[in-house]
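# Structural overview for review
Residue strings, one per chain:
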Amino acid sequence: MIINQKKCVACGNCIPVCPMGAIYVDTGKNRAQINDDACVECGTCYRAMSTENLNPVLVRMVRKAARWFRFRFEPEPDVCPTGSFEMNDLEMPRLIRQIFSDPVVEHTSTGIKGRGTEEVKTNDVNLRVDTGEVGYTIEFGRPGVGVRFRDIQLMTRTLAKNGIKFEKKNPITLLMTDESRGDLPEDILNEKILSAIVEIRTTLEEVEKVLKLVHKVNLQIDTVIAIGISTRCDTNGEDNLLAPLLENLGYPFSRAKTNMGLGRITNKIEVKDNMKSTL
Ligand code: SF4
Ligand code: SF4
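Here is a short report on the structure shown in this document. (Residues numbered from 1 in each chain as written. Chains lettered and ligands numbered in written order. Predicted model: local features only at pLDDT ≥ 70, side-chain atom pairs only at ≥ 80, totals over all residues.)

## A closer look at the pairing of strand β3 (residues 31–34)
- Bridge count between strand β2 (residues 23–26) and β3: four bridges; the pairing is antiparallel. Bridge assignment links valine 25 to a residue of β3, and that residue is alanine 32.
- What sits between β2 and β3 in their antiparallel hairpin is a turn of four residues, with asparagine 30 showing a positive phi close to 55°. (Pairing = 2+ DSSP bridges. Helix = DSSP H or I, 4+ residues; strand = E, 2+ residues; numbered from the N terminus.)

## A look at the site of ligand 1
- Of all residues adjacent to ligand 1, which total 13 residues, the nearest are Cys8, Cys11, Cys14, Ala32 and Cys80.
- When grouped by side-chain class, the residues that make up the shell around ligand 1 number nine nonpolar, four polar and no charged. (Near = placed C-beta within 6 Å. Nonpolar A, V, L, I, M, F, W, Y, C, P; charged D, E, K, R; others polar.)

## Some details on unusual backbone geometry
- For the bond running from methionine 92 to proline 93, omega is 5°, close enough to zero to count as cis.
- Mapped onto the elements, proline 93 comes out in the loop between β6 (85–86) and α3 (95–101).
- Proline 143 follows arginine 142 through a cis peptide bond whose omega is 0°.
- Backbone geometry places alanine 10, a non-glycine residue, at a positive phi of 60°.
- With respect to the secondary-structure elements, alanine 10 resides in the loop between β1 (2–3) and β2.

## Here we look at helix α5 (residues 149–161)
- Between its terminal C-alpha atoms α5 stretches 18 Å, which fits the 18 Å expected from 13 residues at 1.5 Å a residue.
- Every buried residue of α5 is accounted for by Phe149, Asp151, Ile152, Gln153, Met155, Thr156 and Leu159.
- Looking at the packing, one finds that the buried side of α5 touches β9 (133–140), β10 (147–148), α6 (171–175), β12 (196–203) and α7 (207–218). (Expected span 1.5 Å × (residues − 1). Buried ≥ 20, exposed ≤ 12 C-beta atoms within 10 Å, placed from the backbone. Contact = placed C-beta atoms within 7 Å.)

## Some remarks on the sheet that holds β9
- The three strands lie next to each other as β12-β9-β13, forming an open sheet whose pairing is antiparallel. Taken across any chain shown, the strands that pair with only one partner, and hence form the sheet edges, are β12 and β13 (225–230). Sheet twist, expressed as the average angle between the axes of neighbouring strands with direction ignored, equals 20°.
- Pairing geometry for β9 and β12, over eight bridges, is antiparallel. Across the sheet, the residue bridging to valine 134 is threonine 202, located in β12.
- On top of the sheet, α5 reaches β9 and β12; it is set at about 10° to β12, its chief contact. (Axes fitted to C-alpha atoms, helices over the stretch in contact; angles between N-to-C directions.)

Next up, the structure:
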């Protein structure tokens, strides 16, 4: 993302818009700047603000004159008065920031926007988590913290080392250079993104092991992690296996999302093959 320095009038309206706190006003230059290392190329500053396209020279003069008379000329708080934000053409490895952070950009690997995965929201048709299994979403960086791929790799390597398999249709898995080791490409490790989700699946017996591993890695990385756990209910819509297990481990259990199973499987063969390849 770029702030056109010829247009910016340093009103500071864009500062609270950035989820990464990457925008600041340089009082020496009297212009807003973006900290490129902190910016995740999410596009929020570009899209979330209205623009008025006022003449920047005129706005600066009015603001200066207003200060002489001890009043202020400020644009409405949700407006960039001079339309100063410009999206630049990005190349790898920086482009990976936009792919994982900008909700309108599609992941070409999965065809899904945002974090690039449906998680288990469509479990009734994709059968990611079958009876007796447990699915996990390990989410990094939300809200408003962000994450570097180096920290994600620490998690994926730890899981891989302990024999945990990754969900195939997930953009982090599809990025891996060696899935058996949980390795990510070297050139993206320092790139920062808004958030990402690692997905795995295990048997019920492995829940305690996974939670301990995630907790251990969580203490070593510089971001926040939220873990979601899912399983299939029995024919009465109850879960009498995972919930008590989690409660025994000290995690208060509450149902967050329930997939009603109203979807219709139209790709039985493909689903069956996918299940075989991921087991
Ligand atoms: S809102 Fe626009 S004009 Fe105001 S500081 Fe930000 S980029 Fe500059
Ligand atoms: S693109 Fe996103 S992270 Fe970068 S400056 Fe704009 S709002 Fe902040």
